[in-house]
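Notes for the structure review
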Amino acid sequence: MDYPGHRRNRDRPRSNTRSSDESVDADDSDAAVARSQSGPSLGPADVAFLAAIPAVLVGVFALPKPLRVSLGLSYLQPTALTAYTSHFVHLERTHLLANLLVFLAVVPFALLVSVKSGRRRRFYLVAFTFLTVFPLVFSGLNVLFPRPRLGFGFSGVNLAFVGYLPHVLADRLGRDGPESAPVADSVLPLAFFVGTVIVAVRMGLSMLDSVPLAAYTPLLAAGIGSLLSVVVFAHPIAARLRRGDASLSELFPPSVAFGALLFVLMLVIAFPHVSPADGTILNLFVHFLGYSFGFLVPYVAFRLLAVEIDPE
């Protein structure tokens, strides 16, 4: 026989069981939200890619020096083979280490942010272009100015990845913080012109000792034009901050802020003060080609031509 008190006691466990079930469901939901916010991570194939390029550079450096010299690009006697292989050749250990450090500072970060933004396929399409097509383009443009020099080094390709960083950061905007999405279109041109201001200033400082004043006119015009462009494209962002629509941390989440600092730092490092007077020879032309092509080619493809690589 069921008494009312017994029924109440029997009902209590049912109520507790339901409450426990609901608690488990809530925990599962919170975990799912956390997983969706953290996004996907790098897989074995990504790690293999990040290890493969340094392994190739180190492997080439391990070759006998005469063979490495033969793989460099002679601007007076270029070949199709050396036009490509020269970008993976280093003759000095310090040059190799510098390019390895730049690669490991920029490319893993760019890949990780691209993966978390659902742009893994786009990143690998861009990386494939940088590694297969750009070396030939850079060499072809270099030999247009014949001189008794030997070209070699991974710097041009590295700078292409630096030029692509603003695209990676723009893709991330709006995913880390919804307040950032409206400024993504301004961020891309803003970042490019900030970069060209840095390049103009650094190259101008390098030319002070060796170039006549008249030669500064194109560089000065480019620097002033880039600075004015920075003001124009920064205006919408500054206006939102003045109105209080969003804070600086909301517009630029931590990953984007870190990437912006990395972008500026890499450009400052890539265009150091050099002087022919002390025997230093650095192909800043290839550095600038890498940076500008690394930004402009993806910009034309993905922004102007609207080439769409399905996000994951």
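Note that the structure is predicted; figures quoted are calculated from it, not measured.

Conventions we followed
- Counting from 1, residues in each chain are numbered in the order their sequence is written.
- Local features are withheld for residues below a pLDDT of 70 in this predicted model, meaning they are given only at 70 or higher, and side-chain atom pairs are given and counted only at 80 or more; totals for whole chains, interfaces and linings count all residues.
- Excluded from the side-chain calculations are hydrogens and water; all other atoms, namely the structure's heavy atoms, are used.
- In this scheme Phe, Tyr and Trp rings, the latter by its six-membered ring, pair at centre separations within 6.5 Å, and the angle between planes marks the pair as stacked below 30 degrees, edge-to-face above 60, and tilted otherwise.
- Helix and strand definitions follow DSSP, with helices as H or I runs of at least four residues and strands as E runs of at least two, each counted in order from the N terminus.
- Note on exposure labels: buried denotes an accessible area under 20% of the residue type's maximum, exposed denotes more than 50%, and partly exposed covers the range between, all computed with a 1.4 Å probe on protein chains only.
- The rule for a charge over a ring is simple: NZ of Lys or CZ of Arg within 6 Å of the ring centre, and within 35 degrees of the ring normal.
- We define a nonpolar core as any set of buried Ala, Val, Leu, Ile, Met, Phe, Trp, Tyr and Cys residues linked to one another through side-chain atoms lying within 4.5 Å.
- Residue contacts are defined here by distance: any two heavy atoms, one from each residue, within 4.5 Å place the two residues in contact.
- Every case where a carboxyl oxygen of Asp or Glu lies within 4 Å of a side-chain nitrogen of Lys or Arg is listed as a salt bridge.
- By this rule, a helix spans an expected 1.5 Å times one less than how many residues it contains.
- Geometry is summarised by axes, namely lines fitted to C-alpha atoms with helices restricted to the contacting stretch, and by angles between N-to-C directions that run from 0 to 180 degrees.
- These descriptions rest on fixed angle ranges, namely under 35 degrees for roughly parallel, over 145 for roughly antiparallel, 65 to 115 for roughly perpendicular, and the rest for oblique.
- Rotating anticlockwise by less than a right angle from the far helix to the near helix defines a left-handed crossing, while the corresponding clockwise rotation defines a right-handed one.
- Residue polarity follows a fixed list, in which Ala, Val, Leu, Ile, Met, Phe, Trp, Tyr, Cys and Pro are nonpolar, Asp, Glu, Lys and Arg are charged, and the others, Gly among them, are polar.

1. Some words on the packing of aromatic side chains
Taken as a whole and assessed by the stated rule, the structure comprises 22 aromatic pairs. With a centroid separation of 6.0 Å and 10° between ring planes, the pair formed by Phe 193 and Phe 233 is classed as stacked. You can see Phe 193 sitting in helix α9 (residues 184–207) and its partner Phe 233 sitting in helix α10 (residues 216–243), a full 40 residues away along the chain. Judged by its relative accessible area of 22%, Phe 193 is partly exposed. Above the face of the Phe 61 ring, Arg 68 is positioned so that its terminal group lies 4.6 Å from the ring centre. Lying over the aromatic face of Phe 302, Arg 122 brings its terminal NZ or CZ to 4.1 Å of the ring centre.

2. Regarding the nonpolar core
In this structure, Phe 49, Val 106, Phe 123, Phe 130, Phe 154, Phe 161 and Leu 267 are the most contacted members of the largest nonpolar core, which totals 63 residues. Among the elements that make up this core, the one with the highest residue count is helix α5 (residues 93–116) (11 residues). In this structure Phe 154 touches Ile 53, Leu 57, His 87, Phe 88, His 90, Asn 99, Phe 103 and Leu 131, once residues within four positions along its chain are discounted.

3. Overview of the pattern of salt bridges
As enumerated under the stated definition, the model contains 3 salt bridges in all. Here Arg 120 and Asp 46 are joined by a salt bridge, their closest N and O atoms 2.8 Å apart. Taken together, the residues span a long stretch of sequence, with Arg 120 in helix α6 (residues 120–132) and Asp 46 in helix α2 (residues 44–61) at a distance of 74 residues. Here Glu 308 and Arg 119 are joined by a salt bridge, their closest N and O atoms 3.3 Å apart. Taken together, the residues Glu 308 in the segment after α13 (284–304) and Arg 119 in the loop between α5 and α6 connect sequence positions 189 residues apart. For Arg 119, a relative accessible area of 15% puts it in the buried group.

4. A look at α5
An ideal rise of 1.5 Å per residue puts 34 Å on 24 residues; α5 measures up with 34 Å between its terminal C-alpha atoms. Just beyond α5, the residue with positive phi is Gly 118, at close to 75°.

5. Regarding the environment of Pro 146
Looking at the secondary structure, you find Pro 146 in the loop between α7 (134–142) and β2 (150–151). Here the alpha-carbon distance between Pro 146 and Pro 78, two residues 68 residues apart in the chain, equals 9.7 Å. If we skip the residues at most four places from it in the chain, Pro 146 touches Tyr 75 and Leu 76.

6. Thoughts on the environment of Phe 263
Within the element layout of this structure, Phe 263 appears in helix α12 (residues 254–270). Once the C-alpha coordinates of Phe 263 and Val 194 are considered, the two residues, 69 residues apart in sequence, prove to be 9.9 Å apart. When residues no more than four places from it in sequence are discounted, the contact partners of Phe 263 are Val 162, Leu 165, Pro 166, Ala 191, Gly 195 and Tyr 291.

7. A few points about the packing of α5 against helix α8 (residues 155–172)
Put simply, α5 and α8 touch, their axes get as near as 9 Å, and they point 25° apart. The angle between α5 and α8 falls in the class roughly parallel. Two packed elements cross with a definite hand, and for α5 against α8 that hand is left-handed. Two secondary-structure elements touch here, α5 through His 95, Asn 99, Val 102, Phe 103, Val 106, Val 107, Phe 109, Ala 110, Val 113, Ser 114 and Lys 116 and α8 through Ser 155, Asn 158, Phe 161, Val 162, Leu 165, Val 168, Leu 169 and Arg 172. Here the residues of the contact of α5 with α8 sort into 12 nonpolar, 5 polar and 2 charged.

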